[in-house]
Amino acid sequence: PALSPVTVLGLGPMGQAMVRTLIAAGHPVTVWNRTRSRADDVVAAGAKLAATPSEAVAAGKLVILSLTDYQAMWDVLGDSTGSLAGRTLVNLSSDTPDKTREAASWAASHGASFVAGGVMVPEPMVGTDLSYVYYSGDAEAFGAHRTTLAHIGEPRFLGDDPGRAQLMYQANLDVFLTTLAGFMHATALVGSAGITAEVFLPEVMQLFKAIPVMMDADGVEKLGARIDAGEHPGEAANAIMMGATADHIYATAKSSGVDTSLPGAVQEYYRRAIDDGHGTDSWTRIIDGMRGPRS
Ligand code: NDP
């Protein structure tokens, strides 16, 4: 039997990769993109190009969006709301949980089901065994399209709050972006003394590989369970020791003439834990000072 038709709106690198994957799995795919020429490759691969967003939406019950942000969805579909009733919109674009919830209400007001998603792999890995995608929102609509969506990556459904998948996505990228910024800050720091990135990056990768080992020393679930229970037993890496290190990094950046924003933020978190009387607790205690805004 023929597989169900799928519509994909947005043909950036991610949208194009999704279209190729769905076509390879045997789904008829209809596409639309603001810049028409970006559809050329997927059309050559077998996708059908619709003339308008409404025409694309009308082609299937499942409408996947892969756009820069949620405003782009309103820009694309704002004049086509009449075609939305009875469809399921699966928005795989990045934005805030609030925008995502707003979009779910907007879709509902036009008779459409809404599922939000966050793809956790870059474009070359879409559709491979390494790909996974967080989803949340309308559970019934998700269930109906789960098998189709599984071609893009392993689906991980997080419940009916449409903002939750977005929150999980942003939290993962919080680690990603903060870590990458750390790499570049440190590279600028050694660069102030003429040590090149070519020399430094292989050095720091050795330390970087120790982080998973440290996080997983007793099993990362156990570490998580302790943090959930508010337990931060002090070991070698307690807040005083790590805070002193943070002070040294800050002072080194300052005396080297390098920007101090990033080490200053890290230093502040340790200072709060120590000021709150938790200096001999584990470094994980800094989470307490991160749970609210800076007072
Ligand atoms: P881009 O951010 O390059 O988004 C591209 C698509 O959005 C294009 O089709 C573009 O159209 C369209 N678009 C943007 N603004 C508008 C608008 N106002 N009206 C109409 N169309 C608009 O693409 P990516 O494919 O890289 O990413 C898509 C989403 O996936 C993003 O939210 C991104 O954060 C997320 N993501 C990306 C990953 C990656 O590795 N790239 C990995 C995981 C998630 P046009 O071609 O006309 O400009």
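Residues numbered from 1 in each chain as written. Predicted model: local features only at pLDDT ≥ 70, side-chain atom pairs only at ≥ 80, totals over all residues. Heavy atoms only, no water.

Trainee: What exactly am I supposed to notice about a nonpolar patch on the surface here?
Mentor: Among the surface-exposed residues, Met205, Phe208, Ile211, Met215 and Val220 lie close enough to one another that they form a single nonpolar patch of about 370 Å² accessible area. Every element with two or more residues in the nonpolar patch is listed here: α8 (197-208) and α9 (210-215). Relative to the elements of secondary structure, methionine 215 occurs in helix α9. (Patch = residues over 30% accessible without salt bridge, like charges linked within 9 Å, V, L, I, M, F, W, Y side chains within 5 Å. Areas by Shrake-Rupley, 256 points an atom, 1.4 Å probe, with all protein chains shown as cover. Salt bridge = Lys/Arg side-chain N within 4 Å of Asp/Glu carboxyl O. Helix = DSSP H or I, 4+ residues; strand = E, 2+ residues; numbered from the N terminus.)

Trainee: Mind showing me how you'd approach the packing of aromatic side chains here?
Mentor: For any two aromatic rings, the description comes down to two numbers: the centre-to-centre distance and the angle of the planes. Under the defined criterion, the tally for this structure stands at six aromatic pairs. Aromatic pair tyrosine 132 and tyrosine 134: ring centres 5.9 Å apart, planes at 90°, arrangement edge-to-face. With a centroid separation of 5.0 Å and an interplanar angle of 65°, the aromatic rings of phenylalanine 183 and phenylalanine 208 are classed as edge-to-face. Residue phenylalanine 183 is located in helix α7 (residues 162-191), and its partner phenylalanine 208 is located in helix α8; the two are separated by 25 residues in the primary sequence. With a relative accessible area of 13%, phenylalanine 183 lands in the buried category. Residue classification places phenylalanine 208 among the partly exposed residues on the basis of a relative accessible area of 32%. (Phe/Tyr/Trp six-rings, centres within 6.5 Å; stacked < 30°, edge-to-face > 60°. Buried < 20%, exposed > 50% of the residue type's maximum accessible area, 1.4 Å probe, protein only.)

Trainee: Explain the pattern of salt bridges here, please?
Mentor: Pairing between side chains of opposite charge can happen when their charged atoms approach one another. All chains considered together, the criterion is met by nine salt bridges. Across the salt bridge formed by aspartate 218 and arginine 226, the nearest N and O atoms sit 3.8 Å from each other. For aspartate 218, a relative accessible area of 49% gives the class partly exposed. Among the salt bridges present, the one from glutamate 268 reaches arginine 272, with a minimum N-O distance of 2.9 Å. Within this pair, glutamate 268 and its partner arginine 272 are both found in helix α12 (residues 261-275), separated by four residues, close to a single helical turn.

Trainee: Just to check I follow, could you spell out the pairing of strand β6 (residues 113-119) for this structure?
Mentor: For a regular strand, side chains alternate in direction, first toward one face of the sheet and then toward the other. Among the seven residues in β6, six count as buried, and that is most of the element. Bridge analysis of strand β5 (residues 88-91) against β6 gives four bridges, and the strand direction is parallel. Residue pairing for β6: threonine 88 is matched across the bridge by serine 113. Crossover connection from β5 via helix α5 (residues 97-109) to parallel β6: handedness right-handed. One ladder, built from five bridges, connects β6 with strand β7 (residues 132-137); its direction is antiparallel. Bridge pairing links alanine 116 to serine 136 in β7. (Pairing = 2+ DSSP bridges. Right-handed = clockwise from strand over helix to strand, strands pointing away.)

Trainee: Explain helix α1 (residues 13-24) here, please?
Mentor: Every α-helix winds through 3.6 residues per turn, so residues three or four apart in the chain are directed the same way. With 12 residues, α1 extends 17 Å from end C-alpha to end C-alpha; this agrees with the ideal 16 Å at 1.5 Å per step. Turning to α1, its buried residues are Gly15, Gln16, Ala17, Met18, Val19, Thr21 and Leu22. Structurally, α1 contributes buried residues whose contacts are with β1 (6-9), β2 (29-32), α2 (40-44), β4 (62-65), β6 and α6 (139-149). Directly beyond the C-terminal end of α1, a positive phi value near 105° is found at glycine 26. (Expected span 1.5 Å × (residues − 1). Contact = heavy atoms within 4.5 Å.)

Trainee: Got a minute to help me understand the site of the ligand in this structure?
Mentor: The immediate surroundings of the ligand are formed by 23 residues, with Met14, Asn33, Thr35, Arg38 and Ser94 found nearest. Between an oxygen atom of the ligand and a side-chain N or O atom of arginine 34, the distance comes to 2.9 Å. Contacts to the ligand include threonine 68, whose side-chain N or O atom sits 3.1 Å from an oxygen atom. Relative to its unbound accessible surface of 890 Å², the ligand loses 77% to contact with the protein. Among the secondary structure elements, those contributing two or more residues to the shell around the ligand are α1 and α4 (70-77). Grouping the constituent residues of the shell around the ligand by class yields 11 nonpolar, eight polar and four charged. (Near = heavy atom within 4 Å. Polar contact = N/O pair within 3.5 Å; in protein donor to acceptor, adjacent residues only side chain to side chain. Nonpolar A, V, L, I, M, F, W, Y, C, P; charged D, E, K, R; others polar.)

Trainee: Hey, could you run me through the environment of methionine 120 in this one?
Mentor: Tracing the sequence through the fold places methionine 120 in the loop between β6 and β7. For the pair methionine 120 and tyrosine 134, spaced 14 residues apart in sequence, the C-alpha separation works out to 7.6 Å. When residues no more than four places from it in sequence are discounted, the contact partners of methionine 120 are Tyr132, Tyr134, Tyr169 and Asn172.

Trainee: Sorry, what's going on with the confidence of the model for the protein here?
Mentor: Any region with low pLDDT has predicted coordinates that should not be read closely. In this model, the protein carries a mean pLDDT of 97, and residues with pLDDT of at least 70 account for 99%. Scored by ipTM, the complex comes to 0.98, with pTM at 0.94. (pLDDT = per-residue confidence, 0-100.)

Trainee: Would you mind going over the sheet that holds strand β8 (residues 154-157) with me for this structure?
Mentor: Consider a sheet: its strands pair through backbone hydrogen bonds, and that pairing is either parallel or antiparallel. Spatially, the eight strands line up as an open sheet ordered β3-β2-β1-β4-β5-β6-β7-β8, and their pairing is mixed. Of all the strands in the sheet, the pair left with one neighbour each is β3 (48-49) and β8. Where β7 meets β8, four bridges bridge the pair, whose relative direction is parallel. What sits directly across from tyrosine 134, in β8, is arginine 156.

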